[in-house]
Amino acid sequence: MKIATIEQFFPLPRVRLVKITTDSGISGWGETTLEGKPQSVVAAVDELAQYFVGKDPLRIEHHWQHVYRSAFFRGGNVLMTALSGIDQALWDISGKHYGVPTHALLGGAVRDRIRVYAHWGIGSLTDEGKAAARQRLDMLLKKGGYTAFKAGPGGKWRGHEPPSMIDEFVERAYLMREWVGPDVELAFDFHGKMTPALAVEVCHEIKGMRPMFVEEPIPQENVDALKQVADKVPFPIATGERLLTRWGFREVIEKQAAAYLQPDTSHAGGITELKKIANMAEVYYMHILPHCAIGPVAFSASMQVDAVVPNFLAQEQIDQGLGAGLFVDDWVVRDGHIDLPTKPGLGFDIDEKVAQVTRDEYSEELGGEYFYETDGSVADW
Ligand SMILES: [Mg+2]
């Protein structure tokens, strides 16, 4: 079996797909969405296609090593996202070739269903804000029985903020706890917007509502600074959606700068690398909470790893992760879990008529230009 063609599709904002077809007629799908950088990854996939066409799709590790180590320059978001999507497509082909779900080729499932968490929060304390939040909570509980949710403080955070801004977020966090009760877990994504000192201050203000974790309390570049925060906060800290490969996670793991890791299967190196990162983390008793804020193919690929690693805690799921009209059958969430995928490969059938239509240019998908109103300087999105 040889790779015959590599095609790319751009059906939705934050959903860019690669389809690899073999000379035996089997096709595999991967997701190459790099949020906010649509054209760069398209070019990278086109370059890599020159290597892949004519190759045996089943030699996944060999191809991963070649792409990562060849041509001297390694890593980076663009190359790793291209490689991640291709890696997913090759695992899809492998599963379909052998007639088993991909997780069966990764050592076999260690669980019968996969816990997911949804995005929900009280975004505003106005009557309209509370009504909208209540409506979405009721919908998610009714539809999926979720047992964990994640929200953000949102907004723009300067080096420090007055009590009113911190208190407003704290009030929303405690109200969320009041609404869901003690059996549901609540997490908060600080989106890497705060300084270490401010992040610690805010974390101490919300500790009484017992968060599941705070994600990216500070930006990702400085692991020592993250460890300082984690050491001063009395609940788990998570990070990793912007880290790539085992080498990118190594320092966080070795310094134990976070409790939970959030590699993204479309950025960190695909299914191949996500499993290896999880295995490294296991040695330090860290769990993985794989990041997935893009489309349903990446979500499906992530679940194949979630199925096989013991130190998995919960899978991030945004609404379009379940299918977004691209899948013939959407994933179904019951009691906050999705049943173990059973179809060969990554476990879905794509509606190609939908996938082949490009709907937008997506240049503003990560917020576009973002400045503080107070002085016009650059803010973190
Ligand atoms: Mg995040």
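Residues numbered from 1 in each chain as written. Predicted model: local features only at pLDDT ≥ 70, side-chain atom pairs only at ≥ 80, totals over all residues.

Trainee: Explanation requested: the sheet that holds strand S3 (residues 27–31) in the structure shown.
Mentor: Strand pairing in a sheet takes place through backbone hydrogen bonds and is either antiparallel or parallel in direction. Sheet architecture is open: three strands sit in the order S1-S2-S3, paired in antiparallel fashion. Of all strands in the sheet, those with a lone pairing partner are strand S1 (3–12) and S3, marking the two edges. Neighbour to neighbour, the strand axes of the sheet diverge by 20° on average, direction disregarded. With five bridges joining them, strand S2 (residues 15–22) and S3 adopt antiparallel strand pairing. Residue pairing in the sheet places Ile20 in a bridge with Gly28 of S3. This element, helix H1 (residues 38–52), spans S1 and S2 of the sheet and lies at about 170° to S1. Relative to the sheet, helix H3 (residues 77–98) contacts S2 and S3, its axis offset from that of S3 by approximately 150°. (Pairing = 2+ DSSP bridges. Helix = DSSP H or I, 4+ residues; strand = E, 2+ residues; numbered from the N terminus. Axes fitted to C-alpha atoms, helices over the stretch in contact; angles between N-to-C directions. Contact = placed C-beta atoms within 7 Å.)

Trainee: Can you walk me through the nonpolar core in this structure?
Mentor: It is characteristic of soluble globular proteins that their nonpolar side chains tend to be buried jointly. Counting 105 residues, the largest nonpolar core has Ile86, Ala258, Tyr260, Leu261 and Ile288 as the members making the most contacts within it. In terms of residues, this core owes the most to one element, H3, which gives nine residues. Residues lining this core come from more than one domain, with at least three contributed by each of domain 1 (3–101) and domain 2 (104–347). What Tyr260 contacts, discounting residues up to four positions off in sequence, is Phe213, Pro236, Ala238, Met286, His287, Ile288, Leu289 and Leu313. (Core = buried A, V, L, I, M, F, W, Y, C linked by C-beta atoms within 7 Å. Buried ≥ 20, exposed ≤ 12 C-beta atoms within 10 Å, placed from the backbone. Domains from an automatic or database assignment.)

Trainee: Can you help me understand the packing of helix H7 (residues 196–206) against helix H8 (residues 223–232) in this one?
Mentor: Running from N to C, H7 and H8 cross one another at 20°; their axes reach a closest spacing of 10 Å. Of the possible angle classes, the one that applies to H7 and H8 is roughly parallel. For the crossing formed where H7 meets H8, the hand is right-handed. Together, Pro196, Ala199 and Val200 of H7 and Ala225, Gln228, Val229 and Lys232 of H8 make up the contact between the two elements. Along the lines of polarity and charge, the residues of the contact of H7 with H8 split into five nonpolar, one polar and one charged. (Parallel < 35°, antiparallel > 145°, perpendicular 65-115°, else oblique. Left-handed = near helix turned anticlockwise from the far one by under 90°. Nonpolar A, V, L, I, M, F, W, Y, C, P; charged D, E, K, R; others polar.)

Trainee: I tried to follow the domain arrangement of the chain on my own but got confused; where do I start?
Mentor: Where interface size is given, it is often the accessible area lost as the parts come together that is meant. For the chain, the domain assignment lists domain 1 (3–101) and domain 2 (104–347). Taken together, the contact pairs 34 residues of domain 1 with 28 residues of domain 2. At the level of elements, S1, S2, S3, helix H2 (60–69) and H3 are the ones that each hand at least two residues to the side of domain 1 that touches domain 2. Among the elements that line the side of domain 1 that touches domain 2, the one with the most residues is H3, at 14 residues.

Trainee: Can you walk me through the packing of helix H9 (residues 245–254) against helix H10 (residues 270–282) in this structure?
Mentor: In helix packing, the relevant descriptors are the interaxial angle and the interaxial distance, both defined with respect to the helix axes. At a minimum axis separation of 10 Å, H9 and H10 run at an interaxial angle of 20°. On the basis of their axis angle, the class for H9 and H10 is roughly parallel. Along this stretch, H9 crosses H10, giving a crossing that reads as right-handed. Counted together, Thr245, Arg246, Phe249 and Ile253 of H9 and Glu273, Lys276, Ile277, Met280 and Ala281 of H10 form the full contact between these two elements. Residue classes in the contact of H9 with H10 are distributed as five nonpolar, one polar and three charged.

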